[in-house]
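# Analysis of the macromolecular model
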Amino acid sequence: MKLAARLGRIKPSATLAINAKANELKKSGVRIINFGVGEPDFDTPQNIGNAGMESIRKGMTRYTAVGGINELKDAVCSTLKADYGLSYGRENVLVSCGGKHALYNLFMTLLDPGDEVIIPSPFWVSYPDMVNLADAKPVVVTCPQEDGFILRPENLEKAITPRTRLLILNSPSNPTGKYYGADELKALAEVLLRHENVLIASDDIYYRILFGGKKWVNLAMVEEKLRDRIFILNGVSKSYCMTGWRIGYLVGDRTVIKAATDFQSQVTSNAASISQWAAVEALAGDQKPAAEMAKVFERRCTRVLELLSAMPGITCAAPDGAFYVFPNFSAYFGKKFGTRTIAGSLDLADFLMEEAHVAVVPGEAFGENNCIRFSYALSDEEIEQGFDAVARALRKLS
Ligand SMILES: Cc1ncc(COP(=O)(O)O)c(C=O)c1O
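This one's a predicted model, so the numbers in the text were calculated from it and none came from an experiment.

About the criteria used
Residues numbered from 1 in each chain as written. Predicted model: local features only at pLDDT ≥ 70, side-chain atom pairs only at ≥ 80, totals over all residues. Heavy atoms only, no water. Near = heavy atom within 4 Å. Polar contact = N/O pair within 3.5 Å; in protein donor to acceptor, adjacent residues only side chain to side chain. Areas by Shrake-Rupley, 256 points an atom, 1.4 Å probe, with all protein chains shown as cover. 1 Å grid on protein atoms, 1.4 Å probe; cavity = no way out; pocket = protein on both sides within 12 Å on 5 of 7 lines; lining within 4 Å. Sits in = over half its atoms within 2 Å of the grid points. Nonpolar A, V, L, I, M, F, W, Y, C, P; charged D, E, K, R; others polar. Phe/Tyr/Trp six-rings, centres within 6.5 Å; stacked < 30°, edge-to-face > 60°. Helix = DSSP H or I, 4+ residues; strand = E, 2+ residues; numbered from the N terminus. Buried < 20%, exposed > 50% of the residue type's maximum accessible area, 1.4 Å probe, protein only. Domains from an automatic or database assignment. Contact = heavy atoms within 4.5 Å. Buried area = accessible area lost by both parts, 1.4 Å probe. Salt bridge = Lys/Arg side-chain N within 4 Å of Asp/Glu carboxyl O. Core = buried A, V, L, I, M, F, W, Y, C linked by side-chain atoms within 4.5 Å. Points joined across faces, edges and corners; volume = space filled by probe spheres on them. Pairing = 2+ DSSP bridges. Axes fitted to C-alpha atoms, helices over the stretch in contact; angles between N-to-C directions. Parallel < 35°, antiparallel > 145°, perpendicular 65-115°, else oblique. Left-handed = near helix turned anticlockwise from the far one by under 90°.

### As for the site of the ligand
Around the ligand sit 13 residues, and of these Gly 99, Asp 203, Tyr 206, Lys 238 and Arg 246 come closest. Tyr 206 is positioned such that a nitrogen or oxygen atom in its side chain is 2.7 Å from an oxygen atom of the ligand. About the coverage of the ligand: the protein hides 92% of its 400 Å² of free accessible area. More than half of the atoms belonging to the ligand lie within 2 Å of the grid points that define the largest pocket. Here the residues of the shell around the ligand are counted per class, giving four nonpolar, five polar and four charged.

Below is the structure:
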């Protein structure tokens with residue numbers, strides 16, 4: 001069957017491919033420790049689940065306004081006031097079916113064929129594909145490990161052309177866990193102020209999972225003059241263990257939000273009503289469970305870095321947040337096990353799956369072939385066992 005040409009411009013998600021392979025092995029009775037997952041390993045906090053159930057009991061199960069219920073828009077605005085110190089109104093908010101959907105709406109609303117979108121690499125796997133789906137051109141800018149995987153102002157300057165429409169910043173980052181501090185953001189802001197046609201998508205989905213007492217900051221907070229050009233993307237998936245509820249939101253210029261809402265009205269209509277009510281409780285209710293989860297991730301991160309540092313040849317930029325590490329395994333490239341040679345991150349991920357029974361995501365999927373992404377959204381016991389198995393498998397390579 002002939003498919004539309006746009007399908008030729010996207011790849012299936014690398015994480016899904018890893019999961020499929022892990023499931024195949026599981027079916028044959030092998031226990032796989034899965035470091036590939038991109039979601040917290042905790043249940044949705046009870047108060048949030050109860051709010052969802054209550055909304056069903058009260059019959060709040062019909063279509064809502066396309067852009068979301070006012071209660072949720074208000075909760076988003078209050079959260080932005082409290083956590084960012086920024087004032088927005090309901091007209092600046094669009095509620096969508098997950099952060100991914102919010103991003104897609106933004107791309108479809110802003111991008112024309114030939115428009116360029118600057119994507120600092122390593123990047124979240126979906127950015128380039130989603131830009132391609134919007135008929136625009138991803139411009140990947142390498143941010144090497146020596147730079148802490150952070151976009152430097154001179155590299156941003158070099159990447160900007162008259163066709164540049166959008167820059168995507170993701171902090172803390174999936175896959176590196178690195179975040180942009182105020183100084184780094186101010187340096188980028190200086191460049192952006194010189195290029196007034198460039199808009200910014202700030203993907204802040206991990207902003208509540210920050211380590212070492214780091215204070216949250218984003219571009220809109222450090223440079224007021226950029227505020228009208230910044231779109232904040234967020235959602236409840238990661239911070240509140242609500243990946244399955246599918247609530248994300250986009251905040252920014254009212255004209256764009258109105259257009260993105262019109263776009264959403266012809267695609268999905270509103271996000272699920274029940275999920276919206278649960279998200280109101282997530283944002284406006286007790287914040288303790290979310291804060292405690294962030295602390296657990298920080299503790300695990302410290303342990304994971306210890307385990308990695310005990311493995312010869314591996315370097316790893318210490319994350320500032322989220323629940324991923326992105327260690328560099330290039331010291332093992334070119335090594336052999338039997339007839340198998342490890343040429344890059346894909347081979348290494350395959351080798352670890354077969355020899356260590358550990359699922360990881362190859363860095364190639366994130367634009368950095370030297371690295372492997374481990375998510376530590378796993379129990380302490382699985383983390384210990386998984387890294388022990390990785391260390392043993394690596395010793396087989398020569
Ligand atoms: C960087 C980043 N942005 C956005 C998302 C989208 O999350 P969701 O669609 O579940 O809200 C993810 C999920 O993995 C992510 O890692």
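### A word on the packing of aromatic side chains
Two numbers describe a pair of aromatic rings. These are the distance of the centres and the angle of the planes. Applying the stated rule across the entire model yields 19 aromatic pairs. Here the aromatic rings of Tyr 206 and Tyr 324 are separated by 5.6 Å at their centres, their planes lie at 85 degrees, and the arrangement is edge-to-face. Taken together, the residues span a long stretch of sequence, with Tyr 206 in the loop between β6 (199–203) and α8 (219–222) and Tyr 324 in strand β9 (residues 324–325) at a distance of 118 residues. Between the aromatic rings of Phe 374 and Phe 387, the centroid separation amounts to 4.9 Å while the plane-to-plane angle is 25 degrees, which identifies the pairing as stacked. Remark: Phe 387 occurs in helix α13 (residues 380–395) and Phe 374 occurs in strand β14 (residues 372–375); sequence separation between them is 13 residues. Its relative accessible area of 1% is what places Phe 374 among the buried residues. An aromatic cluster of three or more residues is present, and its members are Phe 42, Tyr 206, Phe 297, Phe 323, Tyr 324 and Tyr 376.

### Examining the domain arrangement of the chain
Once the domains are mapped, the chain shows domain 1 (5–43 + 289–395) and domain 2 (46–285). The C-alpha centroid of domain 2 is placed 26 Å from the C-alpha centroid of domain 1. Each partner contributes to the interface: domain 1 provides 35 residues, whereas domain 2 provides 31 residues. Regarding the contact of domain 1 and domain 2, the summed buried area is about 2900 Å², with carbon and sulfur atoms giving 57% of it. Among the residues domain 1 hides against domain 2, the three largest losses belong to Arg 9, Asp 320 and Phe 366. Together they make up 23% of the total. Summed over the shared surface of domain 1 and domain 2, the number is four salt bridges. In this structure, the connection of domain 1 to domain 2 is made through 19 residue pairs in polar contact (both at pLDDT 80 or more).

### Notes on the nonpolar core
Within soluble globular proteins, side chains that are nonpolar generally end up buried alongside one another. Among the nonpolar cores identified, the biggest contains 55 residues, and Leu 72, Leu 151, Leu 156 and Leu 219 are the most heavily contacted of them. Residues Ala 294, Met 311, Val 360 and Phe 374 belong to the second largest nonpolar core, which totals 44 residues.

### A short note on unusual backbone geometry
For residues besides glycine, phi is generally negative; the peptide bonds are generally trans as well. Along the chain, Ser 121 connects to Pro 122 via a cis peptide bond; the corresponding omega equals 5 degrees. Within the fold, Pro 122 resides in the loop between β3 (116–121) and α5 (126–133). Residues Ser 171 and Pro 172 are joined by a peptide bond in cis, for which omega reads -15 degrees. In this structure, Asp 135 takes a positive phi of about 65 degrees despite not being glycine. Turning to its location among the elements, Asp 135 is positioned in the loop between α5 and β4 (137–142). The class for Asp 135 is partly exposed, based on a relative accessible area of 40%.

### A word on the layout of surface pockets
The calculated volume of the largest pocket comes to roughly 890 Å³. Lining the largest pocket are 36 residues, and of these Thr 15, Lys 100, Trp 124, Val 125 and Ser 126 lie nearest its centre. Of all the secondary structure elements, the ones that give two or more residues to the lining of the largest pocket are α1 (14–27), α4 (99–110), α5 and β7 (230–235). Among the elements that line the lining of the largest pocket, the one with the most residues is α5, at five residues. Residue composition of the lining of the largest pocket, by class: 16 nonpolar, twelve polar and eight charged.

### Considering the sheet that holds strand β2 (residues 93–96)
Sheet architecture is open: seven strands sit in the order β2-β8-β7-β6-β5-β3-β4, paired in mixed fashion. Because the sheet does not close on itself, it has two edges, and the strands there are β2 and β4. Within the sheet, the average angular offset between the axes of one strand and its neighbour, ignoring direction, is 20 degrees. For β2 and strand β8 (residues 248–251), the ladder comprises four bridges, and the chain directions are antiparallel.

### Some points on the packing of helix α2 (residues 46–57) against helix α10 (residues 273–284)
Where α2 contacts α10, the axes come no closer than 8 Å and their chain directions differ by 140 degrees. When the interaxial angle is binned, α2 and α10 end up oblique. Viewed along their axes, α2 and α10 form a crossing whose handedness is right-handed. Only Ile 274, Trp 277, Ala 278, Glu 281 and Ala 282 of α10 make contact with α2, whose side of the interface consists of Asn 47, Ile 48, Ala 51, Gly 52, Ser 55 and Ile 56. Each residue belonging to the contact of α2 with α10 can be placed in one class, and the counts come to seven nonpolar, three polar and one charged.

### Here's the deal with the environment of Arg 152
Within the secondary structure layout, Arg 152 lies in the loop between β4 and α6 (153–159). Take Arg 152: its relative accessible area is 24%, and that puts it in the partly exposed class. Residues Arg 152 and Thr 142 lie ten residues apart in sequence; the distance between their C-alpha atoms is 9.8 Å. Ignoring sequence-local partners within four residues, the contact set of Arg 152 consists of Asp 147, Glu 184 and Leu 188. At 2.6 Å, the side chain of Arg 152 forms a polar contact with the backbone oxygen of Asp 147.

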